[in-house]
Amino acid sequence: MYDIPYFKAEHPDEVLAYMKAHPFAFFCGADSNRKPVATQIPVLFEHRDDKLFLQGHFMKKQDHTNAFMKHPDALAVFSGAHTYVSASWYENKKTASTWNYQSVHASGVIRFQDEAFLLGLITRLTENFETPDSPSLVQKMDPAYVQQMMHAIVAFEMEVLSVRHVFKLSQNRDEKSRDHIVARLSDQGSDAAEIARAMNGGNKINS
């Protein structure tokens, strides 16, 4: 990870809030031949005994699932908006352009769970992402269909053992440069505008 002291959140709660706002995590690991494996899935968060756990499910018989069953160490990456930042927007234009983004890396050990856990997990996943009256809530589905679906997936829980992050939001630029960057990004909309909003809430080291 790109690890520079001033590209950090001001408080640890901001890091957890970012993870929860971007729950479609990228899980990385390695198989028995040290070949990299990866997949992206939505996760739920649980705090238990002062520990953080990520909970989700994989489809069975996939390369990443088979790899994690043998080698449970995993890295979950949480990321969202990112954007190019032109040096032409700086007060001092004789420097390099860059890219602004936010990313959190959570390392831990995956433990696969039983069917009772899986049923509870998919129930909570739909409750979390569906509206309260949605017909797609697990408890409103045909139980036979739910059981059929469950045969194809396996639940897991990952205890988070370390969390690292980078919130690269031009904290190393002077106030006028930051204002120019925010204005330019805001005008672009989409990811750029989201980064501009994050910059407005971020810390500044050269203001």
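Definitions and cut-offs
Residues numbered from 1 in each chain as written. Predicted model: local features only at pLDDT ≥ 70, side-chain atom pairs only at ≥ 80, totals over all residues. Heavy atoms only, no water. Helix = DSSP H or I, 4+ residues; strand = E, 2+ residues; numbered from the N terminus. Buried < 20%, exposed > 50% of the residue type's maximum accessible area, 1.4 Å probe, protein only. Areas by Shrake-Rupley, 256 points an atom, 1.4 Å probe, with all protein chains shown as cover. Lys, Arg positive; Asp, Glu negative; His and termini not counted. Charge placed at Lys NZ, Arg CZ, Asp CG, Glu CD. Phe/Tyr/Trp six-rings, centres within 6.5 Å; stacked < 30°, edge-to-face > 60°. Pairing = 2+ DSSP bridges. Axes fitted to C-alpha atoms, helices over the stretch in contact; angles between N-to-C directions. Contact = heavy atoms within 4.5 Å.

Draft legend 1. Representation of the overall build of the protein within the structure. Along its length, the protein carries six helices and seven strands. Counting from the amino terminus, helix and strand elements in the protein follow one another as α-β-β-β-β-α-β-β-α-α-β-α-α. The principal-axis extent of the C-alpha atoms belonging to the protein is close to 65 × 45 × 30 Å. The buried share of the protein, reckoned over its 207 residues, is 41%. Entry remark: accessible area of the protein is about 11500 Å², with carbon and sulfur atoms responsible for 51%. Across the protein, the mean location of the 22 positive side-chain charges is 8 Å away from that of the 25 negative side-chain charges.

Draft legend 2. Structural detail: the packing of aromatic side chains. Within the structure shown, the criterion is met by 10 aromatic pairs. Seen in terms of ring centroids, Phe-27 and Phe-156 are 5.4 Å apart; in terms of plane orientation they differ by 80°. Their pairing is edge-to-face. Here Phe-27, found in strand 1 (residues 24-30), pairs with Phe-156, found in strand 7 (residues 153-168); they are 129 residues apart in sequence, far enough to count as distant. For the pair Phe-27 and Phe-156, a shared accessibility class is recorded, and that class is buried. Where Tyr-84 meets Trp-99, the ring centres are 5.8 Å apart and the plane angle is 65°; that geometry is what we call edge-to-face. Of the two residues, Tyr-84 is situated in strand 5 (residues 73-85) and Trp-99 in strand 6 (residues 98-112); the sequence distance between them amounts to 15 residues. Using a relative accessible area of 43% as the deciding quantity, one classes Tyr-84 as partly exposed. A relative accessible area of 40% means that Trp-99 is categorised as partly exposed. Of the aromatic side chains, those joined through ring pairs into one cluster are Phe-27, Phe-58, Phe-68, Phe-112 and Phe-156.

Draft legend 3. Just the pairing of strand 4 (residues 51-59), in detail. Two elements, strand 3 (residues 44-48) and strand 4, share five bridges in a ladder whose sense is antiparallel. Bridged to Arg-48 within strand 4 is Lys-51. In sequence, strand 3 turns back onto strand 4 through a hairpin of two residues, with Asp-49 there showing a positive phi of about 55°. The pairing of strand 4 with strand 7 spans seven bridges and is classified as antiparallel. By the bridge assignment for strand 7, Phe-53 is matched with Glu-159.

Draft legend 4. View of the environment of Asn-172. With respect to the element layout, Asn-172 can be found in the loop between strand 7 and helix 5 (175-188). Take Asn-172: its relative accessible area is 24%, and that puts it in the partly exposed class. Separated by 67 residues in sequence, Asn-172 and His-105 have C-alpha atoms that sit 22 Å apart.

Draft legend 5. Expanded view of the sheet that holds strand 2 (residues 36-42). With respect to topology, seven strands assemble into an open sheet ordered 2-1-5-6-7-4-3, the strand pairing being antiparallel. In the strand order of this sheet, the two ends are held by strand 2 and strand 3, each with one partner. The average angle at which neighbouring strand axes cross in this sheet is 35°, direction not considered. In this sheet, strand 2 lies alongside strand 1 in antiparallel orientation, the contact comprising seven bridges. Bridging across to strand 2, Cys-28 finds its partner in Ala-38. Here helix 2 (residues 63-70) sits on the sheet and contacts strand 1, strand 2, strand 4, strand 5, strand 6 and strand 7; the angle it forms with strand 2, its principal contact strand, is near 105°.

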